Structures are given as structure tokens and as C-alpha cells.
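So the chains spell out like this:
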Amino acid sequence: MSRSAAGHWAGPVRLDAVDPKTRNRIMAGVLVLMFVVVALASAMK
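Thresholds, definitions, all that
- Residues numbered from 1 in each chain as written.
- Predicted model: local features only at pLDDT ≥ 70, side-chain atom pairs only at ≥ 80, totals over all residues.
- Heavy atoms only, no water.
- Helix = DSSP H or I, 4+ residues; strand = E, 2+ residues; numbered from the N terminus.
- Buried < 20%, exposed > 50% of the residue type's maximum accessible area, 1.4 Å probe, protein only.
- Areas by Shrake-Rupley, 256 points an atom, 1.4 Å probe, with all protein chains shown as cover.
- Expected span 1.5 Å × (residues − 1).
- Patch = residues over 30% accessible without salt bridge, like charges linked within 9 Å, V, L, I, M, F, W, Y side chains within 5 Å.
- Salt bridge = Lys/Arg side-chain N within 4 Å of Asp/Glu carboxyl O.

A few points about the overall build of the protein
Across its full length, the protein carries one helix and zero strands. Classification of the 45 residues of the protein by burial places 2% in the buried group. Roughly 4500 Å² of accessible area belongs to the protein as shown, and the carbon and sulfur atoms make up 69% of that amount.

Here's the deal with helix 1 (residues 20-44)
When the terminal C-alpha atoms of helix 1 are compared, their 36 Å separation across 25 residues agrees well with the 36 Å that a helix rising 1.5 Å per residue should span. Across the 25 residues of helix 1, zero count as buried, placing the element largely on the outside.

Some details on a nonpolar patch on the surface
A cluster of nonpolar side chains, contributed by I26, M27, V30, L31, M34 and F35, occupies part of the molecular surface with about 600 Å² of accessible area. As for its position among the elements, I26 is in helix 1. For I26, a relative accessible area of 36% puts it in the partly exposed group.

By themselves, these figures tell us nothing about what the structure is for.
Dropping the structure here:
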């Protein structure tokens, strides 16, 4: 049974292979991005 190339990215992104400091930095960046998007969305109204 062969695996497709897209099969690796089909599921949720796994950050197990990333070291904890980089993972925390990524999560903090995502959180800040979410706050920016919400602030922009509320400012547009």
C-alpha cells in the first residue's frame, strides 16, 4: 500500500518533533495573530 504525498499534511499539524521553546514561540505567535484579527474585525464594523 503506497502513501500519497499529501497524506502527511492531511491531518492536524503535529508539533511533537519541534523543541518546546520553538513550539511555545509558534503558539504565542498564533495567539497574537488571533488577537490582531479580532481587533481588526471589530474595528471594521
